[in-house]
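One letter stands for each residue in the lines below.
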Amino acid sequence: MISQLTVFLQNEKGKLSNLTRTIAENGTNMHAMFLADTQDFGIARIFCDEPEAVAQMLNASGFRASVTQVNAVYVPNEPGGLADLLDFCDQAGFNIEYGYCFKAGEAEAIDVFKIDGDGIDAALEEAGFRLAKPEDIYAL
Amino acid sequence: MYHQPDIETMPREELEQLQLDRMKWSLRQAYDNIEFFKKSFDDAGVSPDDLESLEDIAKFPFVVKQDMRDAYPFGLFAVPMKDVARIHASSGTTGQATVVGHTKNDLKNWGDCFARGIAMVGGTDESTLQVSYGYGLFTGGLGGHAGGEAVGCTVIPTSSGNTKRQVQFLADCGTDILACTPSYALFIADTAIEMGYDPANDFKVSAVICGAEPASENMRQEIADKLGVQYCDVYGLSEIMGPGVAMECAERGGLHIAEDQFYCEILDPETGEVLPDGEWGELVITTLTRECSPLIRYRTRDVTRIVSEPCACGRTHRKIDRLRGRTDDMLIIRGVNVFPSQIEQVITGFPEIATQYQIILTNKGPLDHVELQVETEPGFQIDEVRKLEDLKRRLEAELKSNLQVAVEVKLVEPKTIERSMGKAKRVIDNREVTA
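Description of the structure in this document. As a convention, each chain's residues are numbered from 1 in the sequence order in which they are written. Here chains are named by letter from A upward and ligands by number from 1 upward, in the order in which they appear as written. In keeping with the predicted nature of the model, local features appear solely for residues at pLDDT of at least 70, side-chain atom pairs appear and are counted solely at 80 or more, and the whole-chain, interface and lining totals rest on all residues. Based on all heavy atoms of the structure, the side-chain values leave hydrogens and waters out of the count.

## Some points on the sheet that holds strand S18 (residues 353-362) of chain B
Residue and element names in this part refer to chain B.
Now for step 1: Taken in spatial order, the 4 strands of this open sheet run S20-S19-S18-S21, and their pairing is mixed. This sheet does not close on itself; its edge strands, each paired only once, are strand S20 (408-411) and strand S21 (427-429). Put simply, the sheet's adjacent strands are angled 20 degrees from each other on average, direction ignored.
Now for step 2: At least two DSSP bridges between two strands are needed for those strands to be called paired. Each helix is a run of DSSP H or I of at least 4 residues and each strand a run of E of at least 2, with the numbering of both proceeding from the N terminus. Sheet topology note: the strand S19 (residues 369-376)/S20 ladder contains 4 bridges and is parallel. Of the residues in S20, the one forming a bridge with Glu371 is Glu408.
Now for step 3: Working rule for contacts: check all heavy atoms of both residues, and any pair within 4.5 Å makes them a contact. Angles run from 0 to 180 degrees between N-to-C directions of axes, and those axes are lines fitted to C-alpha atoms, restricted for helices to the stretch in contact. Packed on one face of the sheet, helix H11 (residues 340-347) meets S18, S19 and S21 and runs near 140 degrees to S18.
Now for step 4: With respect to the sheet, helix H12 (residues 385-403) is in contact with S18, S19 and S20, its orientation differing from that of S20 by roughly 145 degrees.

## A closer look at the interface of chain B and chain A
Now for step 1: Contact with chain B, which involves 20 residues of that partner, is made by 24 residues of chain A.
Now for step 2: What counts as buried area is the accessible surface, traced by a 1.4 Å probe, that two parts surrender upon association, with contributions from both included. Regarding the contact of chain B and chain A, the summed buried area is about 1900 Å², with carbon and sulfur atoms giving 49% of it.
Now for step 3: Contact with chain A buries area across many residues of chain B, yet Ile382(B), Asp383(B) and Glu413(B) alone supply 35% of it, more than any other trio.
Now for step 4: Here a salt bridge means any side-chain nitrogen of Lys or Arg lying within 4 Å of a carboxyl oxygen belonging to Asp or Glu. Our count for the chain B to chain A interface comes out at 7 salt bridges.
Now for step 5: Lys114(A) is the partner of Glu384(B) in a salt bridge, and the nearest nitrogen-oxygen pair spans 2.5 Å.
Now for step 6: In protein, a polar contact requires one atom able to donate a hydrogen and another able to accept it; more generally it is a pair of N or O atoms within 3.5 Å, and residues adjacent in sequence count only if both atoms are side-chain atoms. Taken together, chain B and chain A are joined by 12 residue pairs in polar contact (both at pLDDT 80 or more).
Now for step 7: Residue assignment for the side of chain B that touches chain A shows that the elements contributing at least two residues are H12 and S20 of chain B.
Now for step 8: Within the side of chain B that touches chain A, the residues separate by chemical class into 8 nonpolar, 3 polar and 9 charged. When residue character is reported, Ala, Val, Leu, Ile, Met, Phe, Trp, Tyr, Cys and Pro are called nonpolar, Asp, Glu, Lys and Arg charged, and the others, Gly included, polar.

## Side note on the side chain of Asp112(B)
Residues and elements named next belong to chain B.
Now for step 1: Structurally, Asp112 is set in helix H5 (residues 104-120).
Now for step 2: According to the relative accessible area criterion, Asp112 is buried, its value standing at 7%.
Now for step 3: Excluding anything up to four places from it in sequence, Asp112 contacts His3, Gln4 and Ala150. The cut-offs for exposure are 20% and 50% of the maximum accessible area for each residue type, with area from a 1.4 Å probe on protein chains only; residues under the lower value are buried, those over the upper are exposed, and the others partly exposed.

## As for the side chain of Lys392(B)
Now for step 1: Tracing the sequence through the fold places Lys392(B) in helix H12.
Now for step 2: According to the relative accessible area criterion, Lys392(B) is buried, its value standing at 13%.
Now for step 3: Excluding its chain neighbours within four sequence positions, the residues that come into contact with Lys392(B) are Asp40(A) and Val409(B).

## Focus: the environment of Ala132(A)
All names here are of chain A.
Now for step 1: Along the chain, the position of Ala132 falls in the loop between strand S7 (130-131) and helix H5 (134-137).
Now for step 2: For Ala132, a relative accessible area of 6% corresponds to the buried category.
Now for step 3: Along the chain, Ala132 and Asn71 lie 61 residues apart, while their C-alpha atoms are 8.0 Å from each other.
Now for step 4: When near neighbours in sequence (up to four residues on either side) are disregarded, Ala132 contacts Ile2, Ala72, Val73, Tyr74, Ile110 and Ile137.

## What about the environment of Thr271(B)?
Residue and element names in this part refer to chain B.
Now for step 1: If you trace the backbone, Thr271 turns up in the loop between strand S10 (262-267) and strand S11 (281-287).
Now for step 2: Looking at Thr271, the relative accessible area reads 53%, which means it is exposed.
Now for step 3: Looking at Thr271, its side chain comes within polar contact range of the main-chain nitrogen of Glu273, at 3.2 Å.

## Description of the packing of aromatic side chains
Residue and element names in this part refer to chain B.
Now for step 1: A pair of aromatic rings is counted whenever rings of Phe, Tyr or Trp (Trp by its six-membered ring) have centres within 6.5 Å, and the orientation is called stacked for planes under 30 degrees apart, edge-to-face for over 60 and tilted otherwise. All chains considered together, the criterion is met by 14 aromatic pairs over all chains.
Now for step 2: Arranged with centres 6.0 Å apart and planes meeting at 65 degrees, the rings of Phe37 and Phe41 form a pair that is edge-to-face. Placement of the pair is Phe37 and Phe41 together in helix H3 (residues 35-44), with a separation of 4 residues, close to one helical turn.
Now for step 3: With a relative accessible area of 1%, Phe37 lands in the buried category.
Now for step 4: On the numbers, 5.0 Å between centres and 55 degrees between planes, the contact of Tyr197 with Phe203 is tilted.
Now for step 5: The class for Phe203 is buried, based on a relative accessible area of 6%.
Now for step 6: Of the aromatic side chains, those joined through ring pairs into one cluster are Tyr31, Phe36, Phe37, Phe41 and Phe60.

Just distances and angles here, no functional claims.
Pasting the structure below:
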């Protein structure tokens, strides 16, 4: 499992820059960020170094931040890489709450998922998928 | 246990006789010394001599807040200025300030009224009372202070503000009883927690005496739990005296009115008819001992009811129930009457939602629009849009079914809603008047 920093933001001008500036001033490097938005609010999902410490720092600075456990899986960077993984999840009965993907080098991509329920990591490994480790993505 | 046992546990018959004697005196005090009351009694065709029973008070005309504004500053004083020991004034945020005078005896009686509440939470001359109400023209600070002195407490007059210092005094000075507004009590508790304390275990404080603004049952519980204290609700208003008109004993079934000093009626606010005990309506108060500023049948605009069942604490004075709202606070939204306290009640049924909230009224277009801003509790999982949207929808549905008015819920970031040091500003009315 990977620790993802999650921050609740109002969907208003300047909120995201304020968040990223606060993280920057903390000297924290971010490795990936994905935004979910609704009319009123947004959720920033971030991979960064020392996610627990950053969440604490943000809460002390008046943000609503938490750390969420997500799954990260290596797939080959070729047609069908993601589709194979999703087929497996579907057949194994794992429902995906949200997900996103990014390229990791030329040959591979990392697919990230939030899944309701337990046991996904073991099931994936058993099926031959290679899981990303926290240290592959960020400094602990 | 009691501050004035002979008065607080006086048999009803004796107490009612005392009230009648004092009411006759108070009517005289008002009629003989204040032009306004002479004229209003004469216009209504009644004289102080017409009062033969307590119920006869219903023959007398009302006095309302506007009458007090019109009499600004000293038009309703019944004693010469040399006998006025102090004046207090309402904030005047909704109009001309109202000025109320107190003689030396008035101040002593006031101290005794508040002192009864201190005894209700177990306070004695060994206790330390921290008064975190604002000191000044507002009656909270000096009212609580007088109560503490009447009991013989060690009084710490911190006044409101400088919240970290408030916490420091709680931690270092062994405060037993904290007196402040409920929103400030919560703010102090949260600040203490942020500073790394566990107030319920780390602090000696065993009671809070909170008043001057409405607080829902859940908010009281939150204050009681976070600070680890007995919650005592205090009722009062500057026009009548200040905090201490009624105070809540440990039985928590309502607030004992200081009936030796005040006579309370409940009125149908529409018809002006007096309602029997137990029915909800507007509280109307007649002062029985006030020398400088006696008021006969003052319409408080507070909505409550009288609880007349005997109380297990042994006090014979009847109680008022927790205030349902203030007729002044009543919002008319799309023609429907809504009290902010009703909204607060709904919010506090959602443990995921923090108790701070703000209501924003606008009317872009023909209809009133209500936006309710709330924050989620730190423990609530914010990671999934679906859960946040679901929370928002459930809260909106609950509000709609309770208020009969559609409310749009907006989840906001922490600290967006201003924390209050005095009376919390819960409603922002940006509606333009078109009529």
